[in-house]
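So you can see what is in the structure, the chains are spelled out below.
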Amino acid sequence: MTDTIIVLTEDTLASADVEKLLALHEGETYAYRVLVPADTDRPLVSTIIDNLSLGELKEAWNRAIGKEPTHHEARATADEQLTGSIAAFAAAGRAATGSVVEDDPLPALKSAVADGDVVEVAVVTYPHAVEDTFHRDWASRAREELQVPVLHLYAGTSELG
């Protein structure tokens, strides 16, 4: 079996994100498995704060008035994000597999690590003011619960979370 890096992302990985991930393990032949949550249940206040801090006024308004994606809409969006992320790996010359997981990705991460051969988890998200500050983000939670290294990258930047 091939050693695997699990990549948990909340959006489609950009080519720059994939290049950054591959550069971290240059010369290695890891398998990459992408997990994308079908996120339909984000916390109200922290989501609005995140939207406002990123200048996403329409998204903040929609969340404030209770406009949430249906399970079907969230799953369709996650499927598109997964397909795009796998295509970004292919464009970089690397194969990747993946799946859409439930709102809370921690159970899927635990299961993947328990299946064996996972050497690292890379979490690629946008900055989340409240979760990142109070260490309730996916990467912090994964570090607490998993027995593998967890790297947190901010999407579209060279910054580490």
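None of these values were measured; they are calculated from a predicted model.

### So, the overall build of the chain
- The helix and strand inventory of the chain stands at 7 helices and 5 strands.
- Burial analysis of the chain (161 residues in total) assigns 42% to the buried set.
- Nonlocal contacts in the chain, meaning residues at least 24 apart in sequence, comprise 78% of its contacts between residues at least 6 apart.
- Approximately 8500 Å² of the chain is accessible, and the part contributed by carbon and sulfur atoms is 55%.

### Focus: helix α4 (residues 71-91)
- The first and last C-alpha atoms of α4 sit 30 Å apart over 21 residues, in line with the 30 Å expected at 1.5 Å per residue.
- Every buried residue of α4 is listed here: Ala-74, Ala-78, Gln-81, Leu-82, Ser-85, Ala-88 and Phe-89. Take α4 and look down its axis: the buried residues cluster within an arc of 120°, on one side only. Exposed positions of α4 whose direction lies more than 90 degrees from the buried face are His-72, Glu-80, Thr-83, Ala-90 and Ala-91.
- Its buried side turned inward, α4 meets β1 (4-9), α1 (15-24), β2 (31-37) and β3 (96-101).
- Downstream of α4 by one or two residues, Gly-93 has phi in the positive range, about 85°.

### Some points on the side chain of His-152
- As for its placement among the helices and strands, His-152 is situated in strand β5 (residues 150-154).
- Reaching out from His-152, the side chain makes a polar contact with the side chain of Thr-125 at a distance of 2.7 Å.

### What about the pattern of salt bridges?
- Summed over the entire model, instances satisfying the criterion amount to 2 salt bridges.
- When the shortest N-O distance is used, the salt bridge between Asp-104 and Arg-141 registers 3.0 Å. Taken together, the residues span a long stretch of sequence, with Asp-104 in the loop between β3 and α5 (106-114) and Arg-141 in helix α7 (residues 138-145) at a distance of 37 residues.
- What makes Asp-104 partly exposed here is its relative accessible area of 35%.
- We note a salt bridge from Lys-110 to Glu-145, for which the minimum N-O separation is 2.7 Å. Linking Lys-110 in helix α5 with Glu-145 in helix α7, this pair joins segments that are 35 residues apart in sequence.
- Classification of Lys-110 as partly exposed rests on a relative accessible area of 40%.
- For Glu-145, a relative accessible area of 34% corresponds to the partly exposed category.

The rules behind the values
- Residues numbered from 1 in each chain as written.
- Predicted model: local features only at pLDDT ≥ 70, side-chain atom pairs only at ≥ 80, totals over all residues.
- Heavy atoms only, no water.
- Helix = DSSP H or I, 4+ residues; strand = E, 2+ residues; numbered from the N terminus.
- Buried < 20%, exposed > 50% of the residue type's maximum accessible area, 1.4 Å probe, protein only.
- Contact = heavy atoms within 4.5 Å.
- Areas by Shrake-Rupley, 256 points an atom, 1.4 Å probe, with all protein chains shown as cover.
- Expected span 1.5 Å × (residues − 1).
- Arc of directions from axis to C-beta.
- Polar contact = N/O pair within 3.5 Å; in protein donor to acceptor, adjacent residues only side chain to side chain.
- Salt bridge = Lys/Arg side-chain N within 4 Å of Asp/Glu carboxyl O.

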